[in-house]
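Reading the structure
Chain by chain, the residues:
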Amino acid sequence: MLTTPDHPNLRTHDHPLISHKLRILRDAETSPQTFRRVLGEVAGLMTYEALRDLPTTRCTVRTPIAECPAVRLAAPITIVPILRAGLGMTDGILDLVPEARVGHIGVQRDESTKRPVEYYEKLPPDVAEGPVLVVDPMLATGGSGAHAVRYLKDRGCHQIRFLCLVAAPEGVRRMQEAHPDVIVHAAALDDRLDERAYIVPGLGDAGDRVFGTL
Ligand code: PRP
Ligand code: URA
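Bear in mind the structure is a predicted one, so any value in this text is a computation, not a measurement.

Concerning the overall build of the chain
When its secondary structure is counted, the chain shows six helices and 16 strands. Taken against the 2.2 N^0.38 rule, which gives 17 Å for 214 residues, the C-alpha radius of gyration of the chain at 17 Å falls within 12% of a compact globule. Along the first, second and third principal axes, the C-alpha set of the chain runs to 65 × 35 × 35 Å. Considering the chain as a whole, with its 214 residues, one finds that 48% of them fall into the buried category. When the accessible area of the chain is evaluated, it comes to approximately 10,700 Å², of which 52% is carbon and sulfur surface. Each charge class in the chain can be summarised by its mean position, and for the 25 positive and 28 negative side chains these summaries are 2 Å apart.

Let's talk about the site of ligand 2
The environment of ligand 2 is made up of R109, M138, A140, A197, Y198, I199, G204, D205 and A206. I199 places a main-chain nitrogen or oxygen 2.8 Å from an oxygen atom of ligand 2. G204 is positioned such that a nitrogen or oxygen atom in its backbone is 2.8 Å from a nitrogen atom of ligand 2. Computed on the free molecule, ligand 2 has an accessible area of 240 Å², of which 89% lies beneath the protein chains in the complex.

Some points on the packing of helix α1 (residues 16-26) against helix α2 (residues 32-50)
Taken N-terminus to C-terminus, the directions of α1 and α2 make an angle of 155°; their axes are 10 Å apart at the nearest point. As the angle between them shows, α1 and α2 are arranged roughly antiparallel. The element α1 and its partner α2 pack so that their crossing is left-handed. Residue-level contacts link L17, I18, K21, I24 and L25 of α1 to T34, F35, V38, L39, E41, V42, L45 and M46 of α2.

What to know about the site of ligand 1
Around ligand 1 there are 15 residues in total, and R109, D136, T141, G142 and S144 lie nearest to it. Backbone polar atom of R109 to an oxygen atom of ligand 1: 2.7 Å apart, as the coordinates give it. For ligand 1, an oxygen atom lies 2.4 Å from a polar atom in the side chain of D136. Within the complex, the protein chains bury 94% of what would otherwise be the 500 Å² of accessible surface of ligand 1. Listing elements by their share of the shell around ligand 1, those giving two or more residues are β7 (104-109), β10 (138-139) and α4 (143-154). Residue composition of the shell around ligand 1, by class: five nonpolar, six polar and four charged.

Some details on the sheet that holds strand β14 (residues 188-189)
On the basis of which strands lie adjacent, the open sheet formed by three strands has the order β10-β12-β14 and parallel pairing. Every interior strand has two partners, whereas the edge strands, β10 and β14, have only one. Summarising the sheet, β10 and strand β12 (residues 166-167) pair through two bridges and their orientation is parallel. Looking at the pairing, M138 lines up with V166 of β12.

Focus: the pairing of strand β4 (residues 67-73)
In this structure, strand β3 (residues 56-62) lies alongside β4, joined through seven bridges in antiparallel fashion. Pairing of T56 across the sheet is with L73, part of β4. Between the antiparallel neighbours β3 and β4 lie four residues.

Basis of the calculations
- All residue numbers refer to positions counted from 1 along the written sequence of the respective chain.
- Here every chain gets a letter starting at A, and every ligand a number starting at 1, in the order they are written.
- Totals for whole chains, interfaces and linings use all residues, but because this is a predicted model, local features are given only for residues with pLDDT of at least 70 and pairs of side-chain atoms are given and counted only at 80 or more.
- Side-chain figures throughout are based on the complete set of non-hydrogen atoms in the structure, without hydrogens or water.
- Labels follow the DSSP assignment, with helices taken as runs of H or I lasting at least four residues and strands as runs of E lasting at least two, numbered in each case from the N terminus.
- With C-alpha atoms as the basis for the radius of gyration, the globule rule is written as 2.2 Å multiplied by the number of residues raised to the power 0.38.
- Note on exposure labels: buried denotes an accessible area under 20% of the residue type's maximum, exposed denotes more than 50%, and partly exposed covers the range between, all computed with a 1.4 Å probe on protein chains only.
- In these tables, accessible area is a Shrake-Rupley quantity obtained with a 1.4 Å probe, and a residue counts as shielded only by the protein chains included in the view.
- His is not counted, nor are the chain ends; Lys and Arg add positive charge and Asp and Glu add negative charge.
- Throughout, a charge is located at the NZ atom of Lys, the CZ atom of Arg, the CG atom of Asp or the CD atom of Glu.
- Throughout, the term near means that a residue has one or more heavy atoms lying within 4 Å of the molecule or strand in question.
- Residues adjacent in sequence count toward polar contacts only when both atoms are side-chain atoms; beyond that, a polar contact is any pair of N or O atoms within 3.5 Å, and within protein one must be able to donate a hydrogen and the other to accept it.
- Note on definitions: angles span 0 to 180 degrees between N-to-C directions of axes, and those axes are lines fitted to C-alpha atoms, for helices only across the stretch in contact.
- Angular relationships are summarised with four words: roughly parallel below 35 degrees, roughly antiparallel beyond 145, roughly perpendicular across 65 to 115, and oblique for the angles in between.
- Each crossing gets its handedness from the near helix: less than a right angle anticlockwise from the far helix is left-handed, clockwise is right-handed.
- Note on contacts: a residue pair is in contact if any heavy atoms of the two residues lie within 4.5 Å.
- Following the grouping adopted for this structure description, the nonpolar residues are Ala, Val, Leu, Ile, Met, Phe, Trp, Tyr, Cys and Pro, the charged ones are Asp, Glu, Lys and Arg, and the polar ones are all others, Gly among them.
- For two strands to be treated as a pair, DSSP must find no fewer than two bridges joining them.

This is the structure we're talking about:
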């Protein structure tokens, strides 16, 4: 896991398996079927690292032989995919943390203004009691991500992490300015945004690639 002096809130995950799978996701020839499977796999690998500092409490467990010290997760964790593309990461994360709850936030970027437009939400009523992992493959301008985090903070959440696949410097800066307490986990920090605010080199429109709506 790498840190970058220019982006104190960014953690880049350069494990060879993550980088290998990211290449498959970037490839314009990759089919939606393969894209979905690999996106879930990368999300799982990244979650393992992103949740490394998850709070735990001490307890005991009785084995068939004796009682011994153990730990358990201190509070219920909630995964919050930003619809649509974040859904493509959710199953891979649930494979690792099956006890997690899943809240949904629907945010769509208005392609003319580039501003986020919210259209759906459904969260566990006690979402604020535990850590929240917001997931979306793309952090471009950062508008959608920052909006989703604001929404969760307004509902009392204070242990928020953001997990994406590809981040643009513009999006990382926006998250840092709006939410300096939120660590952004990414598989790669890309070069820039183009004139349509797509990430370069990026991987194209993540939602379209997950759901085959190209
Ligand atoms: C994409 C992506 C992010 C957002 C990133 O979603 O999945 O949510 O754009 O851009 P931003 O950082 O500039 O806000 P999109 O709005 O295309 O919706 P979709 O997932 O339904 O395709
Ligand atoms: N949304 C995407 O899906 N991809 C980008 O590169 C930018 C926004």
